[in-house]
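Close look at the chain arrangement
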Amino acid sequence: MKAVRAKTPRRPALKKPSNPGLKDPVGVYCRVRPLSRPDQECCIEVINETTVQIHPPDGYRIFRNGEYRETQYSFKEVFGTLVVQKELFDVVAKPLVEDLIRGKNGLLFTYGVTGSGKTHTMTGSPGDGGLLPRCLDMIFNSIGPFQAKRFVFKLDDKNGVDVQCEVDALLERQKRDAMPVPKTPSGKRQIDPEFADMINVQDHCKVEEVDEDNVYGVFVSYIEIYNNYIYDLLEEAPFDPIKPKPPQSKILREDQNHNMYVTGCTEVEVKSTEEAFEVFWRGQKKRRIANTQLNRESSRSHSVFIIKLAQAPLDADGDNVLQEKEQITLSQLSLVDLAGSERTNRTKAEGNRLREAGNINQSLMTLRTCIEVLRENQMYGTNKMVPYRDSKLTHLFKNYFDGEGKVRMIVCVNPKAEDYEESLQVMRFAEMTQEVEVARPVDRPLCGLTPGRRFRNQAFREELSRKLEMRGGPINGETEEQSVSEMFLQNFPPLPSCELLDVNDDQTLPKLIEVLEKRHKLRQMLSEEFAKNVLAFKTMLQEFDSSVVSKENYIQGKLSEKEKTIAGQKMELERLEKKIKTLEYKIEILEKTATIYEEDKRNLQQELESKSQKLQRQASDKRRLEARLQGMVAETTMKWEKECERRVAAKQLEMQNKLWVKDEKLKQLKAIVTEPKNEKPERPSRERDREKPVQRSVSPSPAPNAPPVRLRHRRSRSAGERWVDHKPPSNLPTETVMQPHVPHAITVAAASEKALAKCDKYMLTHQELASDGEIETKLIKGDVFKTRGGGQAVQFTEIETLKQESPTGRKRRSSPSNPDPPEDAADSEWTDVETRCSVAVEMRAGSALGPGYQHHAQPKRRKP
């Protein structure tokens, strides 16, 4: 797979233009606005002229492992909180205005979160104008003396411009003057005081090298992109108070040069800074703004103010505009104020505000996607399609990113800590935008006419007027021929009065004849002088023609030599260009190879880091598991040791009880055997037993002469250990002979942690009513052990049941079926006595012979 990756970026290298070096990166600048209050927490600081540092606010950790890290971002230039508008304009916008006058396009837009100062940077404030009024002022300061009269340039509806003759332009001016209310303000009108301070720029900045042989015309338009629809802010819609119509959205089209433009957009010709800014201010009042939690006047749309500069050369005489459409140059400067990106959970937007915020964020995300694709295509040589059409904003300005002009971006940031996350995203986008390169626009072709013709024609007319004034002739150029003839006639002697008052008058006619003869001689002299001058002028013309021919021959020879030299130099240039292309191609291949290797290196480093982290996690998991297993083994060992001890103790106690029972049985048997048979007590009849009331005795006596059985308490299995004897207050005394007795016990009515801490064993006495109506007592036993948390816990191990039965339901196995005793009466009595002894002494479960206790030890099994 890696070999395939190394080859794929090299394919589109042959499709690149012949001069890949003629590209400029997008100029990205950063401006930091001052804090609103001096006590606010700041998360951005300016390190130097090109670097800012952003750090998380207090209590915030940017990384999951809790690391507190500061990040630095570099820009072409950084403007701190103390930078004035003029300094920002001189660095960022002034070069774009110079390119505009030289016939090149430009795009300048401000980008940032809500409340970061974008509109202030673009428009300014009273007394401190922003970039837009300063651009207008510089344009009109530069082209002021060379502006064409109004309506000489006329924009068409296909993003082009035409030149009208003076007559057509004059007719349109007269038609405009005849309108009752002019649509654009005149230069003599008073400036609106609402924005007068914004355009009162005293810098008088202008472009030094302006082509003086051109005439210029400025057109402005103002649009906004709201909810991904384009609206004309200068459109004068008729107002209907009954049924007002909403503004109609505009559509984008592509002209014959593949440039995007807004159809039907109002474009106003302006002649001064004041007039242009008043048009802007009229559209600014229609722009959509709203009050949000983060900004009192938050822009809800992207605004685009477009300045178009049309210029055309003068004719050869330097008097009128050259009537050739091919010689017209139309350049454009777009000033864009983007709406701020925002998070709805901070602005608390609802309804329309929420929909506006969604469309704003979507258009900004499309702009970011386009920048990312452009960057990827340029860095890796891919040919992915840039999604300009996904948003009206990117579709309108796609020509700039395709090489139709310079692109500049001002990133506005608010250093307050609340905007940290949004500012971080803005910084990352700006850093990525700087890596995109835009093709440098080509220079406009020369018109081929003699430069300086405007001022030479003007100087000639001024000199002619001065000479005519010196000679007393008229100054007006329209009567120039008449003034020359009159001046010529003034050199002749004046005619005398030709009025004859008398027939015999002999003075008037001789005087008239004399004057006419003088005039005739003077005319002959002038004619001869004129002929001499004509002959001399012809001679001079012939000499001049001969010299011109000789100079032409000489120049032709020189030109042929120069052409040969130029041809040789061109061949050398072509050879060097081919060599440069070959070297550039090799360099490009090496750069791409190095980029691929660096990317593989980064991927391997990331993979190595991820695997090392995975190993560390596995090792830590293994250590935790070992510790957990050790704890479980220790706990299980301790439990089994206690269980073994308990079982051994229970077994020992059980064996002791069995030995004791056997001893007691042997003693009883010995006493019965040694008793004489003639002294047997008379066995009462069953009827007598029925008549007598049943009385519970402490212990049934097996025989009157038998030795009495000593009453003993049952031994506890846990003798020697300390017990907690928990007897609830609701227990009833049983008044039986055998009572449970536990030595060294702490008797409590309710279990407490203090009592449990002093003992090793726990016993709960529980009573309930059995099915036969007798009280059944259960002794629930358990072990007390300490928990890890420092408390006490009880684990129940066994249950003993103490039950009392009535003797009326007892059946004797030795009772005969008839009243006469059988022969083996002694054996039956023996059996009855044995059974009674076993019940009285052993207290075996399941016996129905008499009152007594039944002990059922039921140990609770625990899982190991």
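The text that follows walks through the structure, step by step, so that each part is easy to find. These numbers come from a predicted model, not from an experiment.

**With respect to the pattern of salt bridges**
Enumeration over the complete set of coordinates arrives at 32 salt bridges. Note that K86 is salt-bridged to D90, the shortest N-O span being 2.7 Å. Within this pair, K86 and its partner D90 are both found in helix 2 (residues 85-101), separated by 4 residues, close to a single helical turn. What emerges from the salt-bridge pattern is a single network uniting E643, R646 and R647.

**Here we look at helix 4 (residues 131-143)**
If you check helix 4, its first and last C-alpha atoms are 19 Å apart, about what 13 residues at 1.5 Å a residue would give, namely 18 Å. Summarising burial for helix 4: 12 of the 13 residues are buried, a large majority. Buried residues of helix 4: L131, L132, P133, R134, C135, L136, D137, M138, I139, F140, S142 and I143, and no others.

**What to know about the packing of aromatic side chains**
Summed over the entire model, instances satisfying the criterion amount to 9 aromatic pairs. A centroid spacing of 6.3 Å and a plane angle of 35° characterise the contact between Y29 and F79, whose relative ring orientation is tilted. Here F79 lies in strand 6 (residues 77-79) and Y29 lies in strand 2 (residues 27-32), a separation of 50 residues in the sequence. Here the two residues Y29 and F79 agree in accessibility, since each one is buried. Relative to W281, the ring of F277 lies with its centre 6.1 Å away and its plane at 25°, an arrangement referred to as stacked.

**Considerations on the side chain of S391**
Note on placement: S391 falls in the loop between helix 8 (352-380) and helix 9 (392-396). Side-chain polar atoms of S391 contact the backbone nitrogen of L393, separated by 3.3 Å. Each residue touching S391, except ones within four places of it in the same chain, is listed here: N228, S363 and T366.

Each value, and the rule that gives it
Residues numbered from 1 in each chain as written. Predicted model: local features only at pLDDT ≥ 70, side-chain atom pairs only at ≥ 80, totals over all residues. Heavy atoms only, no water. Salt bridge = Lys/Arg side-chain N within 4 Å of Asp/Glu carboxyl O. Helix = DSSP H or I, 4+ residues; strand = E, 2+ residues; numbered from the N terminus. Expected span 1.5 Å × (residues − 1). Buried < 20%, exposed > 50% of the residue type's maximum accessible area, 1.4 Å probe, protein only. Phe/Tyr/Trp six-rings, centres within 6.5 Å; stacked < 30°, edge-to-face > 60°. Polar contact = N/O pair within 3.5 Å; in protein donor to acceptor, adjacent residues only side chain to side chain. Contact = heavy atoms within 4.5 Å.

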